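Structure assessment
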Amino acid sequence: MSRTKPILPASTNPRDFVIATLGSHSALQILKGAQDEGMRSLVICKKGSEKPYESFGVADEILSVDDWTEWDEKIEEELIRRNAIIIPHGSFIAYIGHDRVKEMQVMYYGTKEILQWESDRRMERQWLEKAGLKLPRVFERPEDIEKPVIVKFHGAGGGFGYFIAKTPEQFYEVKNRKYPKENDYAIQEYIVGVPLYAHYFYSPLTKELELMSFDKRYESNADSIGRIKAEDQLAANIHTSYTIVGNIPLVVRESLLPQFFEMGERVVQVSKDLCGKGLFGPFCLECIVTRKLEIFVFEISARIVAGTNPFIEGSPYTALKYKEPMSTGRRIARDIKQAITQGKLEQVLG
Ligand code: AMP
Ligand code: AMP
């Protein structure tokens with residue numbers, strides 16, 4: 001049964017609100033960002049994972065739950081009572097799930113409808129194609145495979161279980177041996193190049209698209225497999241996996257920047273036709289750049305990505321734009337603070 005949405009607090013004092021998120025992913029950055037903007041911060045932790053939030057002193061308050069399945073009306077009521085504004089991140093979506101997020105009554109920063117466009121591969125593709133981005137080709141049927149492809153299972157946690165195939169035979173050999181029961185997968189052209197994650201922020205208040213930072217991922221074992229000879233890899237029967245372990249900061253060749261700005265702007269523009277308020281807040285275009293400097297986008301994340309974590313003190317790009325250290329977490333808090341003081345809170349909530 002859906003409940004009635006609570007009335008938004010009328011206060012224009014940011015101290016009457018608290019910025020809240022789940023303890024993982026980019027929570028440290030989000031909570032510190034709230035504090036840097038003079039707002040209060042709250043983290044919800046799974047019991048036993050409180051330590052970093054205590055030790056780094058970024059949370060004014062810590063709520064603990066035994067398990068994420070415990071996310072229920074009682075917790076929500078606690079959060080609503082505190083005027084909490086939830087900031088979603090990758091782990092938040094992974095643990096709470098889209099359906100529960102949609103039903104949530106607590107204030108939520110960002111557009112909820114956009115999660116559907118991001119999580120459904122077909123809808124995501126429609127969006128990015130409309131924005132004129134270059135995407136890896138998709139093979140509808142395994143029989144169509146005629147060049148190296150990457151096979152992705154739906155919901156594969158952080159790239160685990162992906163595999164590469166070059167022919168339909170290779171595809172079926174691996175699929176039937178390792179994942180006989182899985183039928184929800186996507187087959188994408190494998191793009192040879194370097195992975196690059198572009199982090200953006202779009203404020204519905206300033207209507208400006210900001211390029212915040214870039215990262216590349218540190219993935220096990222993709223990032224270490226080159227340390228042994230190809231023949232040893234074959235002998236040991238090692239397969240590539242993409243389990244995310246950490247993130248490495250990057251700056252890009254400056255002449256690529258105009259294109260990155262344009263890509264981000266078009267994605268935001270098109271999103272306004274897709275759903276209500278469109279995409280706003282932080283988002284990320286996950287790219288592969290080829291040796292011919294073509295930029296392919298293989299995915300969009302419509303929220304803060306953990307690749308922004310190396311930039312708690314700001315990135316080279318935010319250093320150009322801001323007079324103080326500006327992380328993506330802090331930029332979110334600033335957007336919320338400005339919305340509250342201008343009486344426009346509704347504009348940044350989904
Ligand atoms: P965790 O809370 O670390 O168990 O992660 C939950 C989800 O968030 C996983 O599906 C990860 O793919 C994603 N995630 C967590 N940390 C990162 C990261 N540093 N970079 C990219 N994705 C991440
Ligand atoms: P994802 O879980 O979608 O973020 O992808 C995990 C990793 O797979 C990324 O870090 C990329 O290096 C790689 N990857 C994903 N899609 C492609 C593609 N179409 N071509 C080449 N590499 C890819």
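All residue numbers refer to positions counted from 1 along the written sequence of the respective chain. Note on labels: chains are lettered from A, ligands numbered from 1, in written order. Given that the model is predicted, a residue must reach a pLDDT of at least 70 before its local features are reported, and side-chain atom pairs must reach 80 or more before they are shown or counted; all residues, however, enter totals for whole chains, interfaces and linings. The side-chain numbers reported here are obtained from all heavy atoms of the structure, hydrogens and water having been left aside.

1. With respect to helix H7 (residues 121-130)
The cut-offs for exposure are 20% and 50% of the maximum accessible area for each residue type, with area from a 1.4 Å probe on protein chains only; residues under the lower value are buried, those over the upper are exposed, and the others partly exposed. Counting from the N terminus, the helices are DSSP H or I runs at least four residues long and the strands are E runs at least two residues long. All buried positions along H7 are accounted for by Met123, Glu124, Trp127 and Leu128. End-on view of H7: buried residues confined to an arc of 130 degrees, all on one side of the axis. Counted as exposed and oriented over 90 degrees from the buried face of H7: Arg122 and Lys130. Those residues of H7 that are buried lie in contact with helix H6 (114-119), helix H10 (257-274) and strand S14 (295-301). Downstream of H7 by a residue or two, Gly132 has a phi angle that is positive, lying close to 75 degrees. Here, the arc refers to the directions that run from the helix axis to the C-beta atoms. Throughout, a residue-residue contact means that at least one pair of heavy atoms, one from each residue, lies within 4.5 Å.

2. Things to note about the site of ligand 2
The environment of ligand 2 is formed by 18 residues, the closest being Tyr162, Gln188, Ile191, Glu219 and Glu299. Here an oxygen atom of ligand 2 sits 3.1 Å away from a polar atom, N or O, in the side chain of Arg217. Under this definition, polar contacts are N or O atom pairs within 3.5 Å; protein pairs additionally need one hydrogen-donor-capable and one acceptor-capable atom, and for neighbouring residues in sequence, both atoms have to be side-chain atoms. The separation between an oxygen atom of ligand 2 and a polar side-chain atom of Glu219 is 2.6 Å. All accessible-area figures derive from a Shrake-Rupley calculation using a 1.4 Å probe, and residue coverage is judged against the displayed protein chains alone. Starting from 490 Å² of accessible surface for ligand 2 in isolation, the protein chains cover 95%. Only strand S7 (149-153), strand S9 (185-189), strand S10 (194-202), strand S11 (209-221), strand S13 (281-289) and S14 provide two or more residues apiece to the shell around ligand 2. Asp, Glu, Lys and Arg are counted as charged, while Ala, Val, Leu, Ile, Met, Phe, Trp, Tyr, Cys and Pro are counted as nonpolar; the rest, among them Gly, fall into the polar class. Its residues placed into classes, the shell around ligand 2 shows 10 nonpolar, 2 polar and 6 charged. For this purpose, a residue is taken to be near a molecule or strand whenever a single non-hydrogen atom of the residue falls within 4 Å of it.

3. Thoughts on the packing of aromatic side chains
Two aromatic rings from Phe, Tyr or Trp, using only the six-membered ring of Trp, form a pair when their centres are within 6.5 Å; if the ring planes differ by under 30 degrees the pair is stacked, by over 60 it is edge-to-face, and anything between is tilted. All told, the structure shown has 15 aromatic pairs when counted by the stated rule. Aromatic pair Phe171 and Tyr172: ring centres 5.1 Å apart, planes at 85 degrees, arrangement edge-to-face. In this analysis the charged atom, NZ for Lys or CZ for Arg, is taken to sit over a ring once it is within 6 Å of the ring centre and within 35 degrees of the ring normal. Taking the ring centre of Tyr108 as reference, the NZ or CZ of Lys112 above it sits at 5.3 Å.

4. What about the sheet that holds strand S4 (residues 84-86)?
Taken in spatial order, the 5 strands make up an open sheet running S3-S2-S1-S4-S5, and their pairing is parallel. Every other strand in the sheet has two partners, leaving strand S3 (61-65) and strand S5 (107-108) as the edge strands with one partner each. The pairing of strand S2 (residues 40-46) with S3 spans 5 bridges and is parallel. Of the residues in S3, the one forming a bridge with Lys46 is Val65. Orientation is described by axes fitted as lines to C-alpha atoms, over the contacting stretch for helices, and by angles from 0 to 180 degrees between their N-to-C directions. Sheet strands in contact with helix H1 (residues 27-36) are strand S1 (18-22) and S2, and its direction is about 175 degrees off that of S1. Strand pairing is assigned whenever DSSP identifies at least 2 bridges connecting the two strands.

5. Quick word on the sheet that holds S9
Taken in spatial order, the 4 strands line up as S6-S9-S7-S8 in an open sheet, and their pairing is antiparallel. Each having just a single partner strand, strand S6 (138-139) and strand S8 (163-165) make up the two edges of the open sheet. Looking at chain direction, S6 and S9 are connected through 2 bridges and run antiparallel. Paired with Phe139 across the bridge in S9 is Ile187.

6. Focus on the site of ligand 1
Taken together, 10 residues surround ligand 1, and among them Ser24, Ser91, Tyr95, Asn247 and Ala306 come closest. Measuring from an oxygen atom of ligand 1, one finds a side-chain N or O atom of Tyr95 at 2.5 Å. The side chain of Asn247 places a nitrogen or oxygen atom 2.7 Å from a nitrogen atom of ligand 1. Protein coverage of the free-state accessible area of ligand 1, which is 470 Å², stands at 67%. Secondary-structure elements contributing two or more residues to the shell around ligand 1 are helix H4 (90-96) and strand S12 (242-250). Per element, the largest residue contribution to the shell around ligand 1 is 3 residues, and it comes from H4. Residue classes in the shell around ligand 1 are distributed as 3 nonpolar, 6 polar and 1 charged.

7. A few points about the environment of Pro88
When you line up the elements, Pro88 lands in the loop between S4 and H4. The contact partners of Pro88, leaving out residues within four places of it in the chain, are Ile93, Tyr108, Tyr109, Arg303 and Ile304.

8. Comments concerning the nonpolar core
Residues Phe260 and Val267 are the most contacted members of the largest nonpolar core, which totals 59 residues. Ranked by residue count, the leading element in this core is H10, at 7 residues. For our purposes a nonpolar core is just a set of buried Ala, Val, Leu, Ile, Met, Phe, Trp, Tyr and Cys residues, chained together by side-chain atoms within 4.5 Å. Formed by 21 residues, the second largest nonpolar core is a distinct cluster that contains Leu42, Ala84, Val101 and Leu115.

9. Here we look at a nonpolar patch on the surface
Patch building starts from residues that exceed 30% relative accessible area and form no salt bridge, then joins like charges within 9 Å and nonpolar side chains (Val, Leu, Ile, Met, Phe, Trp, Tyr) within 5 Å. By convention in these notes, a salt bridge is any Lys or Arg side-chain nitrogen within 4 Å of a carboxyl oxygen on Asp or Glu. A cluster of nonpolar residues, Ile164, Tyr190 and Val192, forms a patch on the protein surface that exposes about 270 Å² of accessible area. Along the chain, the position of Tyr190 falls in the loop between S9 and S10.

10. Considerations on the domain arrangement of the protein
Domain boundaries shown here were taken from an automatic or database domain assignment. With domains assigned, the protein is organised as domain 1 (14-110 + 339-348) and domain 2 (138-189). Once you take the C-alpha centre of each, domain 1 and domain 2 turn out to be 36 Å apart.

11. A closer look at the packing of H7 against H10
The relative placement of two packed helices comes down to the angle between their axes together with the axis-to-axis distance. Where H7 meets H10, the axes come as close as 8 Å, and the angle between the chain directions of the two elements is 125 degrees. Here H7 lies oblique to H10, going by the angle between them. For the element pair H7 and H10, the recorded crossing hand is right-handed. Packed against H7, whose contacting residues are Trp127, Leu128 and Lys130, the element H10 presents Val267, Val270, Ser271 and Leu274 at the interface. Here the contact of H7 with H10 is built from residues that sort into 5 nonpolar, 1 polar and 1 charged. By the definition adopted for this analysis, an angle is roughly parallel if under 35 degrees, roughly antiparallel if over 145, roughly perpendicular if from 65 to 115, and oblique otherwise. With the far helix as reference, a near helix turned anticlockwise by less than a right angle produces a left-handed crossing, and one turned clockwise produces a right-handed crossing.

12. Observations regarding unusual backbone geometry
Put simply, Ser220 and Asn221 share a cis peptide bond, and its omega is 5 degrees. Residue position: Asn221 is located in strand S11. One non-glycine residue, His25, lies in positive phi territory at about 65 degrees. Position of His25 among the secondary structure elements: in the loop between S1 and H1. Classification of His25 as partly exposed rests on a relative accessible area of 26%. Even without a glycine there, the phi angle at Asn237 is positive, about 55 degrees. Within the secondary structure, Asn237 sits in the loop between helix H9 (230-235) and S12. Given a relative accessible area of 55%, Asn237 falls into the exposed group.

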